[in-house]
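Observations on chain architecture
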There are 2 protein chains.
Amino acid sequence: MPTPRAYHHGNLRQTLLNAAVQLAEEVGAEHLSLRELARRVGVAPSAPYRHFASRKALLTAVAEEATERLRIGMVTGAAAHRQQGLEQLQALGEAYLDWAEQHPMHFRVVSARDQIDYAAASGMAQRNQELRDLTLQALELAQQQGAAQRCDPQTLAVLARATVYGLARMQTDGHFAQWGLDPATGWQSARELLGVFVGLLRPATQKG
Amino acid sequence: MPTPRAYHHGNLRQTLLNAAVQLAEEVGAEHLSLRELARRVGVAPSAPYRHFASRKALLTAVAEEATERLRIGMVTGAAAHRQQGLEQLQALGEAYLDWAEQHPMHFRVVSARDQIDYAAASGMAQRNQELRDLTLQALELAQQQGAAQRCDPQTLAVLARATVYGLARMQTDGHFAQWGLDPATGWQSARELLGVFVGLLRPATQKG
DNA sequence: ACCTGAACACCGTTCAAGT
DNA sequence: ACCTGAACACCGTTCAAGT
């Protein structure tokens, strides 16, 4: 049975990770302090260094967990729309936006990358590759079905990601208010704007 | 004639701003230290507080300067393409990307907004409003000329900004490498991808 | 193996005191 | 009016020492 201080004997690492997520969501990842974290968990300021080489290494571990959640969301989203390219593309984009909505701190840390050591996060790079492949496959299927055929699918994949990334960041960074959109419904607006983008790819015969 | 220490008598404020830009470009705005800044300028750690209420206030002043540069660039870009809606839209987007390319630190500080006090930066908000109006006017002109007529111009304006913002951040945040794009030519790629987006808005008769 | 406690070299910010 | 110098309450990180 776990005592209140069970983490002092085996699972301090995961305890620190969980507390780090909570603290970062309160004050922002850029203001996360290892000393404050240690204080909350009830250990000495130096204790985290048995489990993480640095503050950056801890945040990188948080980012790895976050990327796995994103991967699960996008794989699930794609699986729900087999055989329909543009619907699958939209589902992938919506899964990305849903993830950013539910974990804005994770989204910021993972995407801005200035608080983490991306080069050392092999799991993240691997998962990201999987997500790019999913997007590309959806687009190639869509093109077989007539969408934006005069464009290179690789090019469209980057453009689609830029769109969804730009929308997520505008909401997260607080830009939407100035564009006449209510921040409270910003994520819903982002999903609708994604729909407009996907609509621009649709074959001319299906337009209107 | 200005002596080496002339800034000690009248223009320490601007000297601090200039040195702040240089230091932030070296170490990243999030790691800019007021003490290091004071050290470089040759004043006491408390001296900057005569001119800026806080570290955040200083970075906000830097962001105001940066936004004025963006405004000049975009106004110039739009002026070069009168009477052609989509060309004007593209010129506006390219001016935005040029600015982000030439001042990536400025771009990050202005857009992420977590290091500045945007609510207190009335000049920034005003200039941003001007830039949104420019974009909207270009799109309305483009629609009179047949582009994407079934879409609300306000909606297209936000989508266009999300595209260009997403592209600029992907390059700045180092995402392009994983999408098979050379980071060295990333800004050129961004401009080309902007062109693909604008092409998606083009009337069907002009396509191909 | 895992954690403590003291230490080092930093921070942002405040404030009395100098000119 | 503008700047200095000392001070306060913090940081991240290291390292000898404890269990």
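All values reported here derive from a predicted model rather than from experimental measurement.

About the cut-offs
Residues numbered from 1 in each chain as written. Chains lettered and ligands numbered in written order. Predicted model: local features only at pLDDT ≥ 70, side-chain atom pairs only at ≥ 80, totals over all residues. Heavy atoms only, no water. pLDDT = per-residue confidence, 0-100. Contact = heavy atoms within 4.5 Å. Phe/Tyr/Trp six-rings, centres within 6.5 Å; stacked < 30°, edge-to-face > 60°. Lys NZ or Arg CZ within 6 Å of the ring centre and 35° of its normal. UniProt positions renumbered as here; feature names shortened; annotations may be inferred. Helix = DSSP H or I, 4+ residues; strand = E, 2+ residues; numbered from the N terminus. Near = heavy atom within 4 Å. Polar contact = N/O pair within 3.5 Å; in protein donor to acceptor, adjacent residues only side chain to side chain. Nonpolar A, V, L, I, M, F, W, Y, C, P; charged D, E, K, R; others polar. Salt bridge = Lys/Arg side-chain N within 4 Å of Asp/Glu carboxyl O. Buried area = accessible area lost by both parts, 1.4 Å probe.

With respect to the confidence of the model for chain A
A residue-level look at chain A finds 94% of positions with pLDDT of 70 or above and a mean pLDDT of 94. Here residues 1–5 of chain A is a poorly scored stretch, pLDDT under 50, and it has zero contacts once near neighbours within four places are set aside; other chains count.

Looking at the packing of aromatic side chains
Residue and element names in this part refer to chain A. Evaluation of the coordinates by the stated rule reveals eight aromatic pairs over all chains. Three or more aromatic residues joined by ring pairs make a cluster, and in this case those are Y96, W99, F107 and Y165. Lying across the ring of Y118, R113 places its NZ or CZ 3.8 Å from the centre.

Section: the UniProt feature "DNA-binding region" (unreviewed entry) in chain A
UniProt feature "DNA-binding region" (unreviewed entry): in the numbering of this structure it lies at residues 33–52 of chain A. The distance from the first to the last C-alpha atom of residues 33–52 of chain A is 14 Å, and the span holds 40% helix and 0% strand.

Observations concerning the protein's contact with DNA strand C
Taken together, 20 residues form the shell around DNA strand C, and within it A44(A), S46(A), H51(A), R35(B) and R39(B) come nearest. The sugar-phosphate backbone supplies 47% of the atoms of DNA strand C found within 4 Å of the protein. Within the side chain of R50(A), an N or O atom sits 3.0 Å from a base nitrogen of DNA strand C. At 2.7 Å, a side-chain N or O of R39(B) approaches a phosphate oxygen of DNA strand C. A total of three residues in the surface near DNA strand C trace back to one element, the largest contributor, which is helix α2 (residues 34–41) of chain B. The residue inventory of the surface near DNA strand C, partitioned by class, reads nine nonpolar, six polar and five charged.

Concerning the protein's contact with DNA strand D
Close contacts around DNA strand D come from 20 residues, with R39(A), Y49(A), A44(B), S46(B) and H51(B) the closest. The sugar-phosphate share of atoms of DNA strand D within 4 Å of the protein amounts to 47%. Side-chain polar atom of S33(A) to a sugar or linking oxygen of DNA strand D: 3.2 Å apart, as the coordinates give it. Per element, the largest residue contribution to the surface near DNA strand D is three residues, and it comes from helix α2 (residues 34–41) of chain A.

Side note on the pattern of salt bridges
Counting across every chain of the model gives 24 salt bridges over all chains. Residue R108(A) pairs with D114(B) through a salt bridge whose shortest N-O separation is 3.1 Å. Of this pair, R108(A) sits in helix α5 (residues 104–112) while D114(B) sits in the loop between α5 (104–112) and α6 (122–144), each in a different chain. In this structure, the salt-bridge partner of R71(B) is E130(B), at a minimum N-O distance of 3.3 Å. Remark: E130(B) occurs in helix α6 and R71(B) occurs in helix α3 (residues 55–79); sequence separation between them is 59 residues. What you see here is one network of salt bridges that share partners, running through E64(A), E68(A), R71(A), R127(A) and E130(A).

Looking at the interface of chain B and chain A
If you look at the interface, chain B gives 39 residues, while chain A gives 39 residues. Here chain B and chain A share an interface that buries about 3,800 Å² over both sides, 67% of which is from carbon and sulfur atoms. Considering only the surface of chain B that becomes buried against chain A, Q178(B), W179(B) and L200(B) emerge as the three largest contributors, covering 20% of it. Where chain B meets chain A, there are two salt bridges. Taken together, the links from chain B to chain A amount to 14 residue pairs in polar contact (both at pLDDT 80 or more). Contributing elements (two or more residues each) for the side of chain B that touches chain A: α5, α6, α7 (153–172) and α8 (186–201) of chain B.

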